[in-house]
Amino acid sequence: MEGVVVTYDGTGIEMPEADAAVSIDVLAEDGTEHGFTLIVTSDGEVSYDLSEANTESPTAGEDRADVVSPWLTVGDLTEESDSPVSEPPAPDGLEVAEVDAASSPGECQDGAYSTLDRKEYGIYNWYLGDGACPAGMTRSQALEYFEGSIGRITAGTNNCGLTDQVPAKSHYAGTTTYEADVSAKGTCTARDGKSTWDAGDLAAGAVASTCAWTWPNPVGKNDLREADVRFNIADFDFTRNPTSTCNGRYHDVLNTSTHEAGHVFGLGHVGSGHLNLTMYTKADRCEVKKRTLGKGDVMGLRSIY
């Protein structure tokens with residue numbers, strides 16, 4: 001089934017080789033969940049996991065199953081978008097975002113997290129694409145910011161006094177002419193063997209996307225083999241330093257890239273009521289809260305590593 005693309009809820013995945021799984025995780029500006037995992041067993045059986053698209057907000061942490069049961073087959077997937085789970089109505093006079101802000105605990109009090117069936121057991125070797133960079137950065141600037149965001153995940157960087165107990169590792173392997181294997185339609189295409197970070201076009205509403213390819217591990221979470229990250233510079237503007245002049249115009253590069261690096265190393269989204277965490281599902285313009293991890297983000301990484 002080489003070249004076959006399976007779509008769900010505005011995202012897509014090109015069918016991988018046997019004995020592999022592919023996941024797409026999308027950071028959307030409106031906070032809706034988009035993404036899923038496509039699994040192909042060693043004997044060619046195809047199944048899928050919609051956890052990325054239908055995660056309810058955990059309150060004390062949640063690990064995704066290490067082995068996805070193929071209860072549903074690819075034939076059950078639809079080509080059309082399913083309606084997202086609706087937020088509860090806001091009280092009179094308040095916007096949903098205001099209610100969410102009022103109900104969210106502080107970053108150092110919120111222990112919520114969600115983990116994916118994904119773990120880097122060795123060293124995450126990644127490359128910088130040779131195309132455009134967000135915020136008009138040079139490649140050296142992009143390297144500084146991307147490497148910094150990955151380092152914030154592997155070091156568990158936080159303002160809560162939580163020590164680094166995460167042994168995850170990464171290594172910058174250089175620039176490449178390869179591109180992130182994510183299409184302008186929001187599809188994970190065939191992997192090229194290099195974990196590439198770059199910028200380009202994505203599906204409407206997607207600020208950034210991560211595509212990850214894993215191999216099954218019978219005794220734990222799936223083994224990460226490649227993870228590509230792309231920023232959507234076709235539809236959104238980015239900045240390295242959102243100041244008072246940001247005025248709702250730009251997305252912060254480090255804020256976004258730290259969130260995406262969380263996906264690379266196995267963290268999933270947390271939803272409504274957890275907006276002070278790095279892995280909160282909504283991308284707000286000018287925000288910088290995702291730059292440093294909250295308690296739940298750190299607890300999630302500790303649960304994986």
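Only a predicted model underlies this, so the values are computations on that prediction, with no experimental measurement involved.

Caption draft 1: Structural detail: the pattern of salt bridges. Under the defined criterion, the tally for this structure stands at ten salt bridges. Salt-bridge contacts for Arg118 lead to Asp25; the nearest nitrogen and oxygen are separated by 3.2 Å. Of this pair, Arg118 sits in the loop between β7 (114-115) and β8 (123-129) while Asp25 sits in strand β3 (residues 20-28), and the two are 93 residues apart along the sequence. Comparing Arg118 with Asp25 shows no difference in burial state: the two are buried. Here Lys282 and Asp284 are joined by a salt bridge, their closest N and O atoms 2.4 Å apart.

Caption draft 2: Quick peek at the state of the cysteines. Applying the stated rule across the entire model yields three disulfides. With a sulfur-sulfur separation of 2.1 Å, Cys108 is cross-linked through a disulfide to Cys160. Judged by the torsion about the S-S bond (-85°), the Cys108/Cys160 disulfide is left-handed. One end of the pair, Cys108, is in the loop between α1 (96-103) and β7; the other, Cys160, is in the loop between α2 (139-154) and β9 (169-176), with 52 residues separating them in the sequence. Looking at Cys108, the relative accessible area reads 28%, which means it is partly exposed. Residue Cys160 is classed as partly exposed on the basis of its relative accessible area of 23%. Through a disulfide, Cys188 is tied to Cys211; the S-S separation comes to 1.9 Å.

Cut-offs used in this document
- Residues numbered from 1 in each chain as written.
- Predicted model: local features only at pLDDT ≥ 70, side-chain atom pairs only at ≥ 80, totals over all residues.
- Heavy atoms only, no water.
- Salt bridge = Lys/Arg side-chain N within 4 Å of Asp/Glu carboxyl O.
- Helix = DSSP H or I, 4+ residues; strand = E, 2+ residues; numbered from the N terminus.
- Buried < 20%, exposed > 50% of the residue type's maximum accessible area, 1.4 Å probe, protein only.
- Disulfide = S-S within 2.5 Å.

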